[in-house]
Amino acid sequence: MAVQVAGTREELATLLGARGGAGAVALVPTMGALHEGHASLMGLARERAGAEGTVVVSIFVNPLQFGPGEDLDRYPRTFDADLAVCERQGVDVVFAPAADEVYPGGEPQVTVEPGPLGTLLEGASRPGHFRGVLTVVAKLLGLVRPDVAIFGQKDYQQLALITRMASDLCLGVEIVGAETVRELDGLALSSRNRYLDAEQRERATALSRALYAARDAGPRGLAEALAAGRAVLSEAEGVELDYFEIRAVDLGELAAAVPPQTPARAVVAARVGTTRLIDNMPLVIGTAAAEGSS
Ligand code: PAF
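Every value quoted in this text rests on a predicted model; they were computed, and no experiment measured them.

Undergrad: I'd like to hear about the site of the ligand, residue by residue, with values.
TA: In the vicinity of the ligand, the contacting residues are Pro 29, Thr 30, Met 31, Asn 62, Gln 65, Val 136, Phe 151, Asp 155 and Gln 158. In the model, an oxygen atom of the ligand is placed 2.6 Å from a nitrogen or oxygen of the Gln 65 side chain. Between the ligand and the protein, one listed contact pairs an oxygen atom with a side-chain N or O atom of Gln 158 at 2.7 Å. Computed on the free molecule, the ligand has an accessible area of 290 Å², of which 89% lies beneath the protein chains in the complex.

Shown next, in the form of structure tokens:
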């Protein structure tokens, strides 16, 4: 059956009600400008919902998560192409509301406070961003009432915060993180890659090259991995670094002397031209053999 589109809460409730609640409901929240990374989230959603279940994709550019001077106005809006991706991926329902459908009274008075994890990294660079993300995700979960919701690991801190919100606020939904999809040269797929011209697109590979360099140096120790990643970025032309950090998997600080084979996450944010890009990668710090040498 062709994908069905709901623009209002009422239409959404009607479409979901008409499906009769047979199988599980899997939600993929997006801001549109869909690419193969999103397509992979939809594939995972279908796996989780099953053939009988319902896959819902929301497309909503959420004003609440953009700060002053950020790219809310120029964020790519490609609805027809997005619908074609959803159709190809066998999505059942697309929920594409206008802003006043999501925020009928204007800015909500009650919002979701991200807590300490929301103040680090992206939270430090983009004040208010995660409050906006968590608030809209809580609303989308309330409107769709899915059994499972799928998010990309590309936005690793966002995924960590949404997982924490679902658990801390007992939202009764399973949050699943899907692996980042990359171009052949390593660039993580992102809707914002569309802003890059050919030269910037080439320069943007510095982010993933830095992550791979850190990952490869990980067995030698934390300082070595950090130095390897930062060296790539400091040599990269036209890349203005915001941060390159190696954190624990929950994004807490790692002690300088980490135990051997500590799982960690390298995270990076940088500006290429006027476009701010982020990426991250799992890595392991220290091997038993290298212990004591770092
Ligand atoms: O990752 C995104 O596209 C957005 O932050 C999300 C989760 C859809 C909330 O607006």
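Undergrad: Describe the environment of Leu 254, and please don't skip the residues or the numbers.
TA: Note on placement: Leu 254 falls in the loop between β7 (239-248) and β8 (262-272). The spatial distance from the C-alpha of Leu 254 to the C-alpha of Leu 222 is 8.6 Å, given a sequence separation of 32 residues.

Undergrad: Just give me the short version of the UniProt feature "binding site: beta-alanine" (unreviewed entry) in the chain, but keep the residues and values in it.
TA: When the UniProt feature table is mapped to this numbering, "binding site: beta-alanine" (unreviewed entry) covers Gln 65. The contacts of Gln 65, once residues within four sequence positions are left out, are Met 31, Glu 70, Arg 126, His 129, Gly 132, Val 133 and Val 136. Polar contacts involving the side chain of Gln 65 include one to the side chain of Asn 62, which spans 2.9 Å.

Undergrad: Now, about the side chain of Asp 92: what can you tell me, with residues and values included?
TA: Within the secondary structure, Asp 92 is located in the loop between α3 (79-88) and β4 (93-95). Separated by 2.8 Å, the side chains of Asp 92 and Arg 46 make a polar contact. Within the structure, the side chain of Asp 92 is placed 2.8 Å from the backbone nitrogen of Val 55, a separation counted as a polar contact. Setting aside its immediate chain neighbours within four residues, Asp 92 contacts Ala 2, Val 3, Gln 4, Arg 19, Arg 46, Gly 53, Thr 54 and Val 55.

Undergrad: Could you give an account of the packing of aromatic side chains, naming the residues involved and the relevant values?
TA: What the rule picks out here adds up to two aromatic pairs. Seen from their ring centres, Phe 60 and Tyr 103 are 6.2 Å apart, and the 55° between their planes marks the pair as tilted. In this pair, Phe 60 sits in the loop between β3 (54-59) and α3 while Tyr 103 sits in the loop between α4 (99-102) and α5 (122-125), placing the two residues 43 residues apart along the sequence. You'll find Phe 60 and Tyr 103 in the same group, each marked buried. Ring centres of Phe 66 and Tyr 75 lie 5.9 Å apart, and the angle between their planes is 75°; on these two criteria the pair is classed as edge-to-face. Given a relative accessible area of 11%, Phe 66 falls into the buried group. Over the face of the ring belonging to Tyr 195 we find Arg 74, whose NZ or CZ atom lies 3.9 Å from the ring centre.

Undergrad: Describe in detail the nonpolar core, supporting the description with residues and values.
TA: Among the nonpolar cores identified, the biggest contains 39 residues, and Val 137 and Ile 175 are the most heavily contacted of them. When residues of this core are traced back to their parent elements, those giving at least two are α1 (9-18), β2 (25-30), β4, α6 (129-144), β5 (148-152), α7 (156-168) and β8. Element by element, the count of residues in this core is highest for α6, at eight residues. Residue contacts for Ile 175: discarding those within four places in its chain leaves Ala 149, Phe 151, Leu 159, Ile 162, Thr 163 and Ala 166. Counting 30 residues, the second largest nonpolar core, distinct from the first, contains Ala 206, Leu 233, Phe 244 and Leu 277.

Reading the values: the criteria
- Residues numbered from 1 in each chain as written.
- Predicted model: local features only at pLDDT ≥ 70, side-chain atom pairs only at ≥ 80, totals over all residues.
- Heavy atoms only, no water.
- Near = heavy atom within 4 Å.
- Polar contact = N/O pair within 3.5 Å; in protein donor to acceptor, adjacent residues only side chain to side chain.
- Areas by Shrake-Rupley, 256 points an atom, 1.4 Å probe, with all protein chains shown as cover.
- Helix = DSSP H or I, 4+ residues; strand = E, 2+ residues; numbered from the N terminus.
- UniProt positions renumbered as here; feature names shortened; annotations may be inferred.
- Contact = heavy atoms within 4.5 Å.
- Phe/Tyr/Trp six-rings, centres within 6.5 Å; stacked < 30°, edge-to-face > 60°.
- Buried < 20%, exposed > 50% of the residue type's maximum accessible area, 1.4 Å probe, protein only.
- Lys NZ or Arg CZ within 6 Å of the ring centre and 35° of its normal.
- Core = buried A, V, L, I, M, F, W, Y, C linked by side-chain atoms within 4.5 Å.

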